[in-house]
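# Inside the fold
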Amino acid sequence: MMKLFKYDWKRDSNTIYSVLAVLVVAQLLLHWVGTSRGWEPMIKIGLGLMVYVCAMVVMVITGSKAYIKNLGSYQRRLVPIHPIYHILSALLFSTLTMVAVFAIAVIHGLLLIPWSELTAFLELGNMQLTAWDVITAVASGIWGTFFIMLLVYFSITVGAVVNIRGKAGVWVGIIVFIIITNMISLISETIFEQAGSAANFGIVQIESGSSAVPDTVSVSSLGTGLGSFLFELVAAALLLWLMAWPIRKKLEI
Amino acid sequence: MKEHILHLQGVSKNYAGKKALDQVSLSIGKGKIVGLLGTNGSGKSTLMKIAAGLIPYEGNATVLGKPAGLESKAEVAFMPDRPLTESWMRVYEAIRMQRDFYPDFDENKAGQMLEFMNLRDRDRVSTLSKGMQERLQLTLTLSRRARLYLLDEPIGGVDPVARTRILDAILEFYDEDSSIVISTHLVREIERIFDEVLFLKQGKVVLQDEVEQLRSKHGKSVEDLFKEVFAE
């Protein structure tokens, strides 16, 4: 699996490093312009978050394109290993690229955002964070990224299997993604009375009142999210098995 | 009992209702260079992909007794009609990739083949000519210690000099414990290296025999027979 990952990374390393470099430069520019013109902390942080979201979208697209390419690649399909390793390699690739963006965000937060601005931002959402909350939030963020990308790749796989000749597969993939994310979210919510990670990474909970702005944003303890996490773990194993089967038995090349 | 490297029994393949292969049965023994001959669209590439374990099929296909698929992939080295390399690579990186992916990859043999093919380690794959690309793909495939080599149109679209070099390389670096199946419609250029030929027409095997037998039985070259069988 690590050898597959190595060649995925080599193929797209230029794109990834470029996106990360542009991200750093954009954040530095934003910080410099915002500070010199005396922007409100909320505006600076909000714009910064938008740049991070853009970078993540590029990473998702890069990972998805690599996965699609690998599904139709003789070079990859000829390697005598179980298809599950191809999927896991792609998931590792996407998760790591997202973690790289998260890491830049954390360093950004620690180096450039004054503590007063950060606490002002957190107070707006009535967040009360402890160190344990931060650790669980990071862990759930990584797991959530992995799980969301698994859902994306599952949808792509279903689309590719349908897309033997023609372009119907793209639409099938999109529909499958919408159905599967909602289904997992609904099941998780029904069983554990907690929104599933397909919607919001499992542990972060948003409780809103009648207004459009959330009343409180809190990070629940790992204990309350454990059931939901275990459910996602089982769902992930099932999805991996469901993806590997058509790659091995059904997918044309 | 005679050892079959590749054995197909009643193998069929449909693409959106169109039959690409229709009840194909054949056996390929050890130490043979077999020509898989047919016109465009006769099912040659489909048969190769099935033997390489790449696509689903109906019927029974085995490589050394293992069902064609995940179980048999380690025994088969396939050179498809599309490159096994990626555009960002240099020649040495393509060699390293094969070494990383296949435990049976022989780096010494690869080195010898690169020299024979006049390929340089530092050459960029994206800058190689069509002929040099084919030489590299052949090097990557034949440098494995596989039991079955499948070469899909290895001389298609390359100049006569490269063709001769490629055919010489196949003869030079071919391991007699294994078998090679070469698909082509360029019969004249390649028939000198075949032990057996197999004619595929509209997804069906219409002829399979040893080249010497065919020549003595029909008093014709393989190319003349090919023209006769595939005449429209």
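Residues numbered from 1 in each chain as written. Chains lettered and ligands numbered in written order. Predicted model: local features only at pLDDT ≥ 70, side-chain atom pairs only at ≥ 80, totals over all residues. Heavy atoms only, no water.

### Re the pairing of strand 2 (residues 18–29) of chain B
Residue and element names in this part refer to chain B. The line we're drawing: Between any two strands, pairing holds if DSSP finds at least two bridges. Labels follow the DSSP assignment, with helices taken as runs of H or I lasting at least four residues and strands as runs of E lasting at least two, numbered in each case from the N terminus.
Sheet topology note: the strand 1 (residues 4–15)/strand 2 ladder contains 8 bridges and is antiparallel. Its bridge partner being in strand 2, K13 is matched across the sheet by L21. Here strand 1 hands over to strand 2 after 2 residues, with A16 in that stretch at a positive phi of 45°.

### Quick word on the packing of aromatic side chains
Our working rule: Aromatic rings from Phe, Tyr and Trp, taking only the six-membered ring of Trp, are treated as a pair when their centres fall within 6.5 Å; an angle between ring planes under 30 degrees marks them as stacked, one over 60 as edge-to-face, and anything in between as tilted. The buried label goes to any residue with under 20% of its type's maximum accessible area, the exposed label to any with over 50%, and the partly exposed label to all in between, with areas taken from a 1.4 Å probe on protein chains only. Charge over a ring is defined by NZ of Lys or CZ of Arg lying within 6 Å of the ring centre and within 35 degrees of the ring normal.
The full count for this structure, using the stated rule, is 13 aromatic pairs over all chains. Between the aromatic rings of Y67 of chain A and Y153 of chain A, the centroid separation amounts to 4.5 Å while the plane-to-plane angle is 20°, which identifies the pairing as stacked. In this pair, Y67 of chain A sits in helix 2 (residues 41–71) while Y153 of chain A sits in helix 6 (residues 131–162), placing the two residues 86 residues apart along the sequence. Across this residue pair, the class does not change: Y67 of chain A and Y153 of chain A are buried. When the ring of F199 of chain B is compared with that of F226 of chain B, the centres are 5.9 Å apart and the planes differ by 85°; the resulting orientation is edge-to-face. Residue F199 of chain B is found in strand 9 (residues 196–201), and its partner F226 of chain B is found in helix 8 (residues 222–229); the two are separated by 27 residues along the sequence. Note on accessibility: F199 of chain B and F226 of chain B belong to one class, buried. Aromatic ring contacts, followed pair by pair, group F5, W9, Y17 and F93 of chain A into a single cluster. Above the ring of F116 of chain B, the side-chain terminus of R165 of chain B is found at 4.3 Å from the ring centroid.

### Concerning the interface of chain A and chain B
This is how it is decided: Note on contacts: a residue pair qualifies if any of its non-hydrogen atoms lie within 4.5 Å across the two residues. Accessible area that two parts lose when put together, evaluated with a 1.4 Å probe and summed over both, is termed the buried area. Take a side-chain nitrogen of Lys or Arg and a carboxyl oxygen of Asp or Glu: if they are within 4 Å of each other, that pair is a salt bridge. The term polar contact refers here to a pair of N or O atoms within 3.5 Å; inside protein, the definition further demands a hydrogen-donor-capable atom paired with an acceptor-capable atom, and it admits residues adjacent in sequence only when both atoms are side-chain atoms.
Chain A puts 24 residues into the contact, and the matching count from chain B is 26 residues. Roughly 2500 Å² of surface becomes buried between chain A and chain B when both sides are summed, with 60% attributable to carbon and sulfur atoms. Where chain A touches chain B, the interface holds 3 salt bridges. Salt-bridge contacts for E86 of chain B lead to R11 of chain A; the nearest nitrogen and oxygen are separated by 3.0 Å. Counting the contacts that link chain A with chain B gives 10 residue pairs in polar contact (both at pLDDT 80 or more).

### So, the sheet that holds strand 4 (residues 58–63) of chain B
All names here are of chain B. As a reminder, the rule being used: Every axis corresponds to a line fitted to the C-alpha atoms, with the helix fit spanning only the stretch in contact, and the corresponding angles, defined between N-to-C directions, vary from 0 to 180 degrees.
Pairing is antiparallel across the open sheet formed by 4 strands, whose spatial order is 2-1-4-5. Of all strands in the sheet, those with a lone pairing partner are strand 2 and strand 5 (66–67), marking the two edges. As paired elements, strand 1 and strand 4 share 5 bridges and run antiparallel to each other. By the bridge assignment for strand 4, L6 is matched with V63. The sheet strands contacting helix 1 (residues 44–51) are strand 1, strand 2 and strand 4, and the helix crosses strand 1 at an angle near 120°.

### What about the sheet that holds strand 3 (residues 33–37) of chain B?
Residue and element names in this part refer to chain B. The strand order across the open sheet formed by 6 strands is 6-7-8-3-9-10, and the pairing between neighbours is mixed. Of all the strands in the sheet, just strand 6 (76–79) and strand 10 (204–210) have a single pairing partner and so form its edges. Strand-to-strand twist across the sheet, computed as the mean angle between neighbouring axes with direction ignored, equals 15°. Two strands pair when backbone bridges link them, and strand 3 and strand 8 (residues 179–184) are joined in this way by 5 bridges, in the parallel orientation. For G35, the partnering residue across the bridge sits in strand 8 and is I182. Sheet contacts for helix 4 (residues 130–142): strand 6, strand 7 (148–152) and strand 8; angle to strand 6, the most-contacted strand, approximately 175°.

### As for the confidence of the model for chain B
For the record, the criterion: Confidence of the prediction at every residue is given by pLDDT, a number between 0 and 100.
Residues of chain B with pLDDT of at least 70 account for 99%, and the chain-wide mean is 89. Both scores are given for the predicted complex: the pTM is 0.83, the ipTM 0.87.

### Some details on the side chain of D12 of chain A
All names here are of chain A. Filter applied, for reference: Under this rule, positive means Lys or Arg and negative means Asp or Glu; His and the chain ends count for nothing.
If you trace the backbone, D12 turns up in helix 1 (residues 2–36). Of the buried charged residues, D12 lacks a salt bridge, with R11 as the closest side chain of opposite charge at 4.1 Å. Aside from chain neighbours lying at most four places away, what touches D12 is T62, A66 and F93.

### Overview of the pattern of salt bridges
Taken as a whole, this structure holds 23 salt bridges over all chains when the rule is applied. Linking R99 of chain B and D100 of chain B is a salt bridge whose minimum nitrogen-to-oxygen distance equals 3.7 Å. Here R99 of chain B falls in the partly exposed class, since its relative accessible area comes to 34%. The salt bridge partner of R145 of chain B is D106 of chain B, with a shortest N-O separation of 2.4 Å. Within this pair, whereas R145 of chain B is found in the loop between helix 4 and strand 7, its partner D106 of chain B is found in the loop between helix 2 (91–101) and helix 3 (107–116), the two being separated by 39 residues in sequence. Here the salt bridges share partners, and the residues they tie into one network are K6 of chain A together with R99, D100 and E107 of chain B.

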